[in-house]
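Report on the structure
The residues making up each chain are set out below.
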Amino acid sequence: MTGIPGLLLLLILLCVVRQVSPYSAPWKPTWPAYRLPVVLPQSTLNLTKPDFGAEAKLEVSSSCGPQCHKGVPLPTYEEAKQYLSYETLYSNGTRTETRVGIYILSNGEGRAQHRDPETAVKSRRKRQIYGSDSRFSIFGKDFLLNYPFSTSVKLSTGCTGTLVAEKHVLTAAHCIHDGKTYVKGTQKLRVGFLKPKYKDGGRGANSSSSAMPEKMKFQWIRVKRTHVPKGWIKGNANDIGMDYDYALLELKKPHKRKFMKIGVSPPAKQLPGGRIHFSGYDNDRPGNLVYRFCDVKDETYDLLYQQCDAQPGASGSGVYVRMWKRQQQKWERKIIGIFSGHQWVDMNGSPQDFNVAVRITPLKYAQICYWIKGNYLDCREG
């Protein structure tokens, strides 16, 4: 294809060329429609086995705040391909690196077309509690085992994850990789599902009345493989790394629970009430699932800045909103980001702290969806 103006191609590769009006009615915040790109594997290389020597970090910190991130130039096409290339770690300890290409589908075609590669695309104590603690611990199996709270799971490395498919969990990259190597325990990574623990060996409703749930316990499933974008591995939290702080885990067997779909993050002004929601396993409330919601304070193309109360252990939680799905004529929750960590930001000479979530952009959606589905034609709706 020839003669594409640079600005038009920029918009195409950022994939906002076909966004419809965010509202079908004034009182119904509606999921926008996007023309999504395609991120496809081009080649795969075998890598040496990692040493799994990194200490698990349950949060990421950065001094590069909203204005700092907004001042960073958009990546070139070649840089974007590098950042969206990814490492895959298998449960036997082997790993591969997959290089990708970025494409856009022509209207009415099922064939991905390549675009011009010459054109650009795109120490303090971390308290993480703002004023009065506004988090809610979720108690009782009637809540914990029901959607959406049942989609939150615990990683054996200490973080939180969210069920996004029958065998897949979305989490933060730093929960399994420190940017240089994999953290201890990643080779035998497990995902924990809260389930009721019954007295007298009972198993549920068909057991005797004496078999009442005493408390919740975790049932663990091993992870088959993990995907981490090279943008996280190549970068660092003070540069572009935090933009790519996400990872996908594939379980060895289906979890048999309802999961929450991923979606492209709308602009903050289009979010219902300007708010986001997420639930996680904060370390200061061991064994409890903790829910919170709060307003988005600022945003960049890749990050959402907010002051939701959170503690280490909550990182990796899926950030979600509930909006109207025009095609199906129903309300639907979708994961639009991954809670990453904490930042101290110099705001006009005064330090201010934020909690940060990585936004699911159109390119990240295309990548994560392909990891899940294995077919780009199943990833046309975000």
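Residues numbered from 1 in each chain as written. Predicted model: local features only at pLDDT ≥ 70, side-chain atom pairs only at ≥ 80, totals over all residues. Heavy atoms only, no water.

Stated precisely, the cut-off is as follows: UniProt positions are given in the numbering used here, feature names are shortened, and annotations may be inferred rather than shown by experiment.
Going by what an unreviewed UniProt entry lists, the protein is known as Serine protease 23 and is assigned to Nannospalax galili. Annotation of the protein in UniProt includes, under Sequence similarities (unreviewed entry), the sentence "Belongs to the peptidase S1 family." The annotation that UniProt attaches to the protein under Subcellular location (unreviewed entry) is "Secreted".

1. Re the overall build of the protein
Operational definition: A helix here means a DSSP run of H or I that spans at least four residues, while a strand means a run of E at least two residues long, and both kinds are numbered starting from the N terminus. In this scheme, a residue with accessible area under 20% of its type's maximum is buried, one over 50% is exposed, and one in between is partly exposed, where area comes from a 1.4 Å probe on protein chains only. Exposure was quantified through the Shrake-Rupley algorithm and a 1.4 Å probe, taking into account, for residues, occlusion by the shown protein chains and nothing else.
Scanning the protein from terminus to terminus reveals six helices and 20 strands. Taking all 382 residues of the protein together, the buried fraction comes to 55%. Total accessible area on the protein is roughly 17200 Å²; 48% of this is exposed by carbon and sulfur atoms.

2. Quick word on the side chain of E250
Threshold: Whenever a nitrogen or oxygen atom comes within 3.5 Å of another N or O atom, the pair is scored as a polar contact, on the condition that within protein one atom can donate a hydrogen and the other can accept it, and that pairs from neighbouring residues in sequence are kept only if both atoms are in side chains. By the convention used here, residues are in contact when the closest approach between their heavy atoms is within 4.5 Å.
Turning to its location among the elements, E250 is positioned in strand β14 (residues 247–251). On the accessibility criterion, E250 (9% relative accessible area) is buried. A distance of 2.6 Å separates a polar atom in the side chain of E250 from a polar atom in the side chain of R225. Excluding residues that lie within four positions of it along the chain, E250 makes contacts with K167, H168, V223, K224 and R225.

3. Here we look at the confidence of the model for the protein
Detailed reading of the predicted coordinates is not advisable wherever pLDDT is low. For clarity, the cut-off: In predicted models, pLDDT denotes the confidence assigned by the predictor to each residue on a 0 to 100 scale.
For the protein, per-residue confidence averages 80 on the pLDDT scale, and residues scoring 70 or more make up 74% of the total. Low pLDDT, under 50, characterises residues 1–25; the stretch is placed with 56 contacts to residues that sit more than four places away or in other chains. A low-confidence stretch, residues 108–112 (pLDDT under 50), is modelled with 11 contacts involving residues beyond four sequence positions or located in other chains.

4. A short note on unusual backbone geometry
A negative phi holds for most residues other than glycine; trans holds for most peptide bonds. The linkage connecting Y147 with the following residue, P148, adopts the cis geometry, with an omega of 5°. Here P148 is to be found in the loop between α4 (141–144) and β9 (152–155). Look at F52: it is not a glycine, yet its phi comes out positive at around 55°. Of note, F52 is situated in the loop between β3 (37–47) and β4 (60–62). By relative accessible area, which is 12% here, F52 ends up buried. Residue K256 is not a glycine yet carries a positive backbone phi of 65°. Relative to the elements of secondary structure, K256 occurs in the loop between β14 and β15 (275–280). By relative accessible area, K256 is classed as exposed at 81%.

5. Looking at the pattern of salt bridges
Rules: Salt bridge, as used here, is a side-chain nitrogen of Lys or Arg placed within 4 Å of a carboxyl oxygen of Asp or Glu.
Summed over the entire model, instances satisfying the criterion amount to 14 salt bridges. Notably, a salt bridge pairs R99 with E97, separated by 3.7 Å at the nearest N-O pair. Judged by relative accessible area, which is 14%, E97 ranks as buried. For the salt bridge of K224 with E250, the shortest nitrogen-to-oxygen distance reads 3.9 Å. One end of the pair, K224, is in strand β13 (residues 213–229); the other, E250, is in strand β14, with 26 residues separating them in the sequence.

6. Some details on the packing of aromatic side chains
Definition in use: Here is the rule: rings of Phe, Tyr and Trp (six-membered ring for Trp) pair when centre to centre is within 6.5 Å. Planes less than 30 degrees apart are stacked, more than 60 are edge-to-face, and the remainder are tilted. Criterion for a charge above a ring: Lys NZ or Arg CZ within 6 Å of the ring centre, and within 35 degrees of the ring normal.
A full pass over the atoms with the stated rule returns 12 aromatic pairs. Between Y244 and Y246, the ring centres sit 6.5 Å apart and the planes meet at 35°, which makes this aromatic pair tilted. The burial state of Y244 is the same as that of Y246; both residues are buried. Residues Y291 and F293 carry aromatic rings whose centres are separated by 6.1 Å and whose planes lie at 40° to one another, so their mutual orientation is tilted. According to the relative accessible area criterion, F293 is partly exposed, its value standing at 34%. In this structure an aromatic cluster arises from ring pairing among Y83, Y86, Y244, Y246 and W371. Here the guanidinium or amino end of K364 rests over the ring plane of Y244, the centre of that ring lying 5.3 Å away.

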